[in-house]
Amino acid sequence: MITTGQKIAIQRTDSSRLSSTNLNDIKFGRVFSDHMLVMDYQDGAWQPPTIMPFGDLHMSPAALVLHYSQTIFEGLKAYKSADGSVNLFRPQANITRMNHSAKRLCMPQIPEELFLEALTTLVGLDRGWIPEGDGAALYIRPFMFASDEYIGVKPSDGYRFIIITCPVRGYYNEPVRVKIETTYSRAFPGGTGETKCGGNYAGGLYPAKLGQDAGYHQLIWTDGLTHQYIEESGTMNVFFNIDGKLITPALDGTILRGVTRDSIIRIAKDEGFPVEERKVSVEEVVTAAREKRLISAFGAGTAATIAHIASIAHGDEVFELPAVGERKLAERIGTVLDGIRRGHLNDKYGWVVRV
Ligand SMILES: *Cc1c(COP(=O)(O)O)cnc(C)c1O
């Protein structure tokens, strides 16, 4: 059983913004709930965490993170179920992944139990901020950054770990038009592609902007060495339904280990759909699209869950995919996933943690 509020000091806001916020009309990532959790790492140890009113931070302009991007983050959601209870979806997976990212970025490990207690306590306190309805949830953003006042290149001695949360509604509702990127790379062998570190995203902005200027919502990233194998779709993992088989690139160190990806694979297998995790070549996808054997394609991630791909461009060719209404496999998986998260389906996997 999770015991809350024992180690975590709570300074409640005396001016909640909840009653002046319209939870039915919110833009993704722009509205933040009343509280945040802050915990500092100093003198080789984590100091006691505090939940305090959401607000600005004071930091030195020489803080290491501002110069060399020693920073990592996570993203997960809390859902309100029909009976009013609050469910976190697979928080343990995010905790494990954040510590994996921390190791790669030379940052301290966060004690798992404390991390989980931080999540449940913060979400419990701001539960009134969780919107209800289709696609609605509380998006939770834990992150950690190097706080030393020093501009030499080295791992910081001090860090801040913070959790903020935002109420969100559906995200990426429209099916997206994507382009297979064969010039720029998101990740490369031996790099940081498998971690959620800030630099990965900064490096993707320019190629994504070029893609947007050319009329595409997202890029399909390919491997950094040959550009012949598909890796991810924007900031999501990617799945293809070719001839009724669900195919996704295998995790090889350059691909983010998505919790949604893993959940989709488990559900699809249990629903009896064949799933293949392996190298997926651009050639295979393009050939399947040309021969109309590419039944559907979608991105998978916490923010949007399943982001349908409407069309795929490769070089001068653009392939239009079947209408979203015909995509039974993706729809079925999405329904099961959502049902588990919101508590209307039996959570046979033990994925949900009640707050
Ligand atoms: C976060 C992320 C994903 C999806 O991970 P989830 O755990 O499913 O949210 C996929 N790819 C990249 C690059 C990401 O940053």
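Definitions and limits used
- Residues numbered from 1 in each chain as written.
- Predicted model: local features only at pLDDT ≥ 70, side-chain atom pairs only at ≥ 80, totals over all residues.
- Heavy atoms only, no water.
- Phe/Tyr/Trp six-rings, centres within 6.5 Å; stacked < 30°, edge-to-face > 60°.
- Helix = DSSP H or I, 4+ residues; strand = E, 2+ residues; numbered from the N terminus.
- Buried < 20%, exposed > 50% of the residue type's maximum accessible area, 1.4 Å probe, protein only.
- Lys NZ or Arg CZ within 6 Å of the ring centre and 35° of its normal.
- Salt bridge = Lys/Arg side-chain N within 4 Å of Asp/Glu carboxyl O.
- Expected span 1.5 Å × (residues − 1).
- Core = buried A, V, L, I, M, F, W, Y, C linked by side-chain atoms within 4.5 Å.
- Contact = heavy atoms within 4.5 Å.
- Near = heavy atom within 4 Å.
- Polar contact = N/O pair within 3.5 Å; in protein donor to acceptor, adjacent residues only side chain to side chain.
- Areas by Shrake-Rupley, 256 points an atom, 1.4 Å probe, with all protein chains shown as cover.
- Nonpolar A, V, L, I, M, F, W, Y, C, P; charged D, E, K, R; others polar.
- Domains from an automatic or database assignment.
- Buried area = accessible area lost by both parts, 1.4 Å probe.

Colleague: Report on the packing of aromatic side chains, specifying residues and quantitative values.
Modeller: One pass over the full model with this rule turns up 12 aromatic pairs. Ring geometry for Phe32 against Phe54: centres 4.9 Å apart, planes inclined by 5°, an arrangement best described as stacked. Taken as a pair, Phe32 in the loop between β1 (9-10) and β2 (35-42) and Phe54 in the loop between β4 (50-53) and α1 (64-68) lie far apart in primary sequence, 22 residues in all. Phe54 sits in the partly exposed class, given a relative accessible area of 30%. Ring pairing ties together the aromatic residues Tyr41, Trp46, Phe115, Tyr159 and Phe161, which thus form one cluster. Directly above the ring of Tyr229 sits Lys279, whose terminal nitrogen or CZ lies 4.5 Å from the centroid. The ring of Phe89 carries the charged tip of Arg341 above its face, separated from the ring centre by 5.8 Å.

Colleague: Mind laying out the pattern of salt bridges, listing which residues take part and the relevant values?
Modeller: Summed over the entire model, instances satisfying the criterion amount to 25 salt bridges. Between Arg186 and Glu232 there is a salt bridge, and its shortest N-O distance comes to 3.0 Å. Taken together, the positions of Arg186 in the loop between β10 (176-180) and α4 (198-213) and Glu232 in strand β12 (residues 230-233) put the pair 46 residues apart, joining distant regions of the chain. An identical accessibility class is assigned to Arg186 and Glu232; each is buried. Among the salt bridges present, the one from Arg293 reaches Glu291, with a minimum N-O distance of 2.9 Å. Three or more residues are tied together by salt bridges with common partners; here these are Lys245, Glu276, Arg278 and Glu284.

Colleague: An account of helix α7 (residues 328-341) is needed here, citing residue identities and associated values.
Modeller: An ideal rise of 1.5 Å per residue puts 20 Å on 14 residues; α7 measures up with 20 Å between its terminal C-alpha atoms. Listed in full, the buried residues belonging to α7 are Leu329, Ala330, Ile333, Gly334, Val336, Leu337, Gly339, Ile340 and Arg341. A positive backbone phi angle near 80° is found at Gly343, which sits one or two residues after α7.

Colleague: Tell me about the nonpolar core, and name the residues and values.
Modeller: Soluble globular proteins tend to bury their nonpolar side chains together. Grouped together as the largest cluster of nonpolar side chains are 49 residues, with contacts concentrated most on Leu37, Met144, Phe161 and Ile163. A per-element tally of this core places helix α3 (residues 112-125) first, with eight residues. Ignoring anything within four residues of it in the chain, the contact list for Met144 reads Trp46, Gln70, Thr71, Ile72, Met98, Ala102, Met107, Pro108, Ile110, Tyr159, Arg160 and Phe161. With 26 residues, the next largest nonpolar core counts Leu246, Ile264, Phe298 and Trp351 among its residues.

Colleague: Quick rundown of the site of the ligand? Include the residues and the values.
Modeller: Around the ligand there are 14 residues in total, and Lys196, Tyr201, Glu232, Thr260 and Thr302 lie nearest to it. A distance of 2.8 Å separates an oxygen atom of the ligand from a polar atom in the side chain of Arg97. At 2.6 Å, a side-chain N or O of Thr260 approaches an oxygen atom of the ligand. Considering the ligand on its own, with 380 Å² of exposed area, one finds that the protein chains cover 95% of that surface. Elements with a minimum of two residues in the shell around the ligand: β13 (236-242) and α5 (259-270). Taken together, the residues of the shell around the ligand break down into four nonpolar, six polar and four charged.

Colleague: I'd like a rundown of the domain arrangement of the protein chain, residues and numbers included.
Modeller: Per the domain assignment, the segments of the protein chain are domain 1 (9-168) and domain 2 (176-341). Of note, the centres of domain 1 and domain 2, computed from C-alpha atoms alone, are 27 Å apart. Listed as interface residues are 20 residues of domain 1 and, on the opposing side, 21 residues of domain 2. Approximately 1,800 Å² of surface area, both sides summed, lies buried where domain 1 meets domain 2, with 58% of it carried by carbon and sulfur atoms. For the pair domain 1 and domain 2, the interface holds one salt bridge. Asp262 is the salt-bridge partner of Arg90, the closest N and O atoms lying 3.0 Å from each other. Taken together, domain 1 and domain 2 are joined by 13 residue pairs in polar contact (both at pLDDT 80 or more). Counting residues per element, the ones that place at least two in the side of domain 1 that touches domain 2 are β5 (71-73), β6 (76-80), β7 (86-89) and α2 (91-104). A per-element tally of the side of domain 1 that touches domain 2 places α2 first, with six residues. A class-by-class count of the residues in the side of domain 1 that touches domain 2 yields nine nonpolar, six polar and five charged.

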